[in-house]
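A look at the structure
This is what each chain is made of:
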Amino acid sequence: MQLTAQIPNISPLSDEQQRQLNQVLTTLNTQQLAWVSGYLYGLSQSGQQPVTTTTTSAAPGGSLTILYGSQTGNAKGAAAVIQKQAQALGLPVTLVSMADYKPKQLKKESHLLVVVSTYGEGEPPESAVDLFEQLKKGKIGKLEGLKFAVLGLGDSSYEFFCQTGKDFDGFFAKAGADRIHDLASLDVDYQEAAKAWGEQAVKAIATTLSAGGAASAATSLAGAVQSAVGHSQYHKENPFPARLSLNQKVTGRDSTKDIRHIEINLEESGITYQPGDALGIWFDNDAALVDEVLALTGLAGDEATAQGPLRAALTRHFELTRLHGGFITGLADISGNAALKDLAGDKAQVNALVASAQVVDVLKRFPAKLGAEQLVSLLRPLTPRLYSIASAQSEVEEEVHLTVGVVRYPQADGTVRSGGASSYLADRLAEEAEVRVFVEHNDNFRLPASPDTPVIMVGPGTGIAPFRAFMQEREAQGAEGKNWLFFGNPHFTQDFLYQVEWQRYVKSGLLSKISLAFSRDQGHKIYVQDRLREAGLELYQWLEAGAHFYVCGDANHMAKDVQQALLDVIAEHGHKSREEAEEYLSELRRAKRYQRDVY
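Please read all numbers here as calculations on a predicted model, not as lab measurements.

Focus on the overall build of the chain
- The helix and strand tally for the chain stands at 23 helices and 21 strands.
- Classification of the 599 residues of the chain by burial places 53% in the buried group.
- Within the chain, contacts between residues at least 6 apart in sequence are counted, and of these 78% link residues at least 24 apart.
- About 26200 Å² of surface is accessible on the chain, with carbon and sulfur atoms providing 50% of the total.

Thoughts on the packing of helix 22 (residues 558-573) against helix 23 (residues 578-590)
- As a packed pair, helix 22 and helix 23 sit with axes 9 Å apart at the nearest point and diverge in direction by 115°. For the element pair helix 22 / helix 23, the angle class is roughly perpendicular. Crossing handedness for the pair helix 22 and helix 23: right-handed. On helix 23, the residues touching Gln563, Gln564, Leu566, Leu567, Asp568, Ile570 and Ala571 of helix 22 are Arg578, Ala581, Glu582, Tyr584, Leu585 and Arg589.
- Of the residues that constitute the contact of helix 22 with helix 23, the class distribution is seven nonpolar, two polar and four charged.

Focus: the pairing of strand 7 (residues 240-249)
- When strand 7 meets strand 16 (residues 434-440), the two strands line up antiparallel, connected through four bridges. For Ala242, the partnering residue across the bridge sits in strand 16 and is Val435.
- Summarising the sheet, strand 7 and strand 8 (residues 259-265) pair through six bridges and their orientation is antiparallel. Among the inter-strand pairings, Arg243 is bridged to a residue of strand 8, identified as Asn265.

Brief notes about the nonpolar core
- In this structure, Leu314, Leu323, Phe327, Ile328, Leu331, Val362 and Leu379 are the most contacted members of the largest nonpolar core, which totals 34 residues.
- Of all the secondary-structure elements, those providing two or more residues to this core are helix 8 (287-297), helix 9 (310-316), helix 10 (325-335), helix 11 (338-344), helix 12 (347-356), helix 13 (359-365) and helix 14 (372-378).
- Residues in contact with Ile328, not counting those within four places in the same chain, are Leu323, Leu340, Leu343, Ala344, Val350, Leu353, Val354 and Val362.
- Judged by nonpolar contacts, the second largest core, of 29 residues, contains Phe486, Trp542, Ile570 and Tyr594.

Some remarks on the side chain of Glu263
- Of note, Glu263 is situated in strand 8.
- One buried charged residue, Glu263, forms no salt bridge at all, with the nearest opposite charge on Arg468 at 5.2 Å.
- One polar contact links Glu263 to His261, side chain to side chain, over a distance of 2.8 Å.
- If we skip the residues at most four places from it in the chain, Glu263 touches Arg243, Leu244, Ser245, Leu246, Glu399, Val400 and His401.

Notes on helix 22
- The end-to-end C-alpha distance of helix 22, which contains 16 residues, comes to 22 Å, matching closely the 22 Å that a straight helix rising 1.5 Å per residue would cover.
- At its buried positions, helix 22 is contacted by strand 17 (455-458), helix 20 (528-534), helix 21 (536-544), strand 20 (548-553), helix 23 and strand 21 (594-598).
- Directly after helix 22, the chain includes His575, whose backbone phi takes a positive value near 50°.

Let's talk about the packing of aromatic side chains
- A complete count under the given rule lists 21 aromatic pairs for this structure.
- Ring geometry for Tyr540 and Tyr584: centres 5.8 Å apart, planes at 35°, overall tilted. Taken together, the residues span a long stretch of sequence, with Tyr540 in helix 21 and Tyr584 in helix 23 at a distance of 44 residues.
- A connected cluster of aromatic rings, assembled from ring pairs, spans Phe132, Phe148, Phe168, Phe171 and Phe172.
- The side chain of Arg468 reaches across the aromatic face of Tyr498, ending 4.7 Å from its centre.
- Cation over ring: Lys513 sits above Trp484, and NZ or CZ is 5.1 Å from the ring centre.

Focus: a negative patch on the surface
- Together, Glu267, Glu268, Glu395, Glu397 and Glu398 make up a negatively charged patch on the protein surface.
- Mapped onto the elements of the fold, Glu395 is located in helix 15 (residues 393-396).
- A residue is classified by how much of its surface remains accessible, and Glu395, at 46% relative accessible area, is partly exposed.

Some thoughts on helix 5 (residues 163-174)
- Here helix 5 contains 12 residues, and its C-alpha end-to-end distance of 16 Å stays within 8% of the 16 Å for a straight helix at 1.5 Å per residue.
- Every buried residue of helix 5 is listed here: Thr164, Gly165, Phe168, Asp169, Phe171 and Phe172. Buried residues of helix 5, viewed axially, fall in a sector of 160°; they line one side.
- Tucked inside the fold, the buried residues of helix 5 contact strand 3 (111-117), helix 4 (129-136), strand 4 (147-153) and strand 5 (178-179).
- Phi turns positive one or two residues past the end of helix 5, at Gly176, with a value near 90°.

Observations concerning the pattern of salt bridges
- In total, this model carries 33 salt bridges according to the counting rule given.
- Across the pair Arg179 and Asp169 runs a salt bridge, and its minimum N-O distance is 2.8 Å. Highlighted residues: Arg179 in strand 5 and Asp169 in helix 5, separated in sequence by 10 residues.
- The buried category is assigned to Asp169, whose relative accessible area is 7%.
- Salt bridges here are not isolated pairs; linked through shared partners, they connect Asp130, Lys139, Glu583, Glu587 and Arg590.

Each value, and the rule that gives it
Residues numbered from 1 in each chain as written. Predicted model: local features only at pLDDT ≥ 70, side-chain atom pairs only at ≥ 80, totals over all residues. Heavy atoms only, no water. Helix = DSSP H or I, 4+ residues; strand = E, 2+ residues; numbered from the N terminus. Buried < 20%, exposed > 50% of the residue type's maximum accessible area, 1.4 Å probe, protein only. Contact = heavy atoms within 4.5 Å. Areas by Shrake-Rupley, 256 points an atom, 1.4 Å probe, with all protein chains shown as cover. Axes fitted to C-alpha atoms, helices over the stretch in contact; angles between N-to-C directions. Parallel < 35°, antiparallel > 145°, perpendicular 65-115°, else oblique. Left-handed = near helix turned anticlockwise from the far one by under 90°. Nonpolar A, V, L, I, M, F, W, Y, C, P; charged D, E, K, R; others polar. Pairing = 2+ DSSP bridges. Core = buried A, V, L, I, M, F, W, Y, C linked by side-chain atoms within 4.5 Å. Lys, Arg positive; Asp, Glu negative; His and termini not counted. Salt bridge = Lys/Arg side-chain N within 4 Å of Asp/Glu carboxyl O. Polar contact = N/O pair within 3.5 Å; in protein donor to acceptor, adjacent residues only side chain to side chain. Expected span 1.5 Å × (residues − 1). Phe/Tyr/Trp six-rings, centres within 6.5 Å; stacked < 30°, edge-to-face > 60°. Lys NZ or Arg CZ within 6 Å of the ring centre and 35° of its normal. Patch = residues over 30% accessible without salt bridge, like charges linked within 9 Å, V, L, I, M, F, W, Y side chains within 5 Å. Charge placed at Lys NZ, Arg CZ, Asp CG, Glu CD. Arc of directions from axis to C-beta.

Structure below.
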C-alpha cells in the first residue's frame, strides 16, 4: 500500500527539507515506514548523524548533482558509487533519477555528472526520455556556467553503442555548458572503468567546488531516509539462495510459444518488492553447451583459469548464449582463419551473426584450437537476467512469481538453441532446487498513489506479468479505481495467459474492461495497438479523467506501435495536431501517468 501522509506544517524542517522528505515518504509501504522510523529514532537517541554528505566550510559555493538514467539498474548502481566517491571528498552531492528530475532545474545547477545507459536501437532508457527530449529540442535553453561530465553505459554488440551517453554529452556542449571531464563510453564489463572514471571526474569537480553547508543540510535528512528505505541485504552482487517451488507451462500443447509460470520461495530472506519491480536471476549455462564449447576448442575442462577450473568457469561465470562482436573479431585474430577474418571486417555481417547465433555456432563454423586463457579472454562475464515480477506480496507473501517465455530458436543444421536463463528455469532447474535471486526496484513503473485513480494496462505476451501483480495489489487495497487491460497473443485457445484469473477479475468487477487481440485467430492479424485505436474515444476519455497508462513488453516493435496508436488516439479524439499530441503525451510522462517497462 502506498502512503500519502504529509509532514505537518508545524514541523521544524525547512520547506525544502519537508518537500524532499515528503517525496521519499510517498514511496514507502507500511513495513518500510516502520523500519525507517526506528532507524531515525535510533539516530536521534544516539546523537549520531546519518552518513550522507560530509559538511565542511563553503568555498566557491555550488553543489554536485548526479543524474542517472537506468534501464536495468546498472547506471543507477554506477551513479551510487560515484556519489560515495564525492561524499568521501566532502562534496555536497545529490543523487537523482532522471525520472524524478525537472529539466528546468538544470538552469540552477553548478556541477552535474550524468550516468546513463543505452538500450534498443541507440535509445535512452525509459526514465531518461523526458529530459533527453527536452535537451534534444533545445527547450532548456543555454546552460552557460554549468560544469558537466557524462558516463555512458552500453553493449558493444549493438550497433549504436553508448549512443545515449554520446547524445547527452553533445546536448550539454551545444547548450554552452563546460565539459569538466571527458565522456566515457563503457561496455558490459564496466564496473572498474566506471569507478576509475568517477574518481577522476569527482577530483576535477573538487578543484572548482568545496563542500557547501547549505546544500548539504537540505539533502541530508532525505538522503538518510533514501539510503535506509527497506532495501534488502541481498542484491546483484549478493543474491539470495531461494528455492524454485513451481514451474508450470501456461501455454497450450499446440502453442508456438513455451511460456512458464514460475514460483520462487523467498522465505527467511526479508526481501520486499512492489508491483512493477523486477527479479534478477543468476543462472548456470547448460552442461551440454559447455561440453560442446570445450570439444570445439580442444580443451578438457580441468584447465586452470582466474575463475577456477575451466568447466566451472564456463558454467557459472561466462556468457555462452549471448554472442558479441568482440568474440568474432578476437577469434579471427587468434585463429588466422581467412574466411573468419573477412567476416570480422564486415560490420554488417558481424551484426547479423551476433543477432542470430551463439558462441558455439561461431566455433562450429570456424573451428579453432584455443588455450583456456585465450577462450575466456574472448568471453564476457555472465550477467543476470531480469524478469518483471508477476505477483504482489500483499497476495503471495514470501513468494515471487514470474512469467517466463522460454527462448528457443532452430538452427540451419537442425539443432535448437535456447536462452540461457529461460531454459535454466524451464528445463534444468528441479523443483525445490536453489536459484540465486535479487530484486531490482523500478520506481518508474508504479501503481498510482491513489487507489481511486483509473489504470490502463497494455501487456501482450509475457508483458502481462506486472499487470497480474497490479491487479493482485489493487484487489488487496480494495481499490475503487477502474482497470482496463489490453492483452494479445497468437491464439485464444492456446495463448490466453492466466485466463481464469482475468475472468474472475471481470466477474468481480475489479477489471472494468478487457480488450483482447489474438493475432492469428482470423484472416487478418489483429494486435493490441489495433484495439487501442478501435476504443480510441473511450480511451481518450479515461485519460482525460486522470487514468495512468502502462505498457510492458517488447521495446523494438510492440511498444513503438502502441505509442504510435496512442498518439493517433490523442490527436483524433482530442482534436490536436501531431505536435500537440506529442506534447500531451510528454505531459503524461512527466506526471508519471505514462509508464513503460520495455525490453
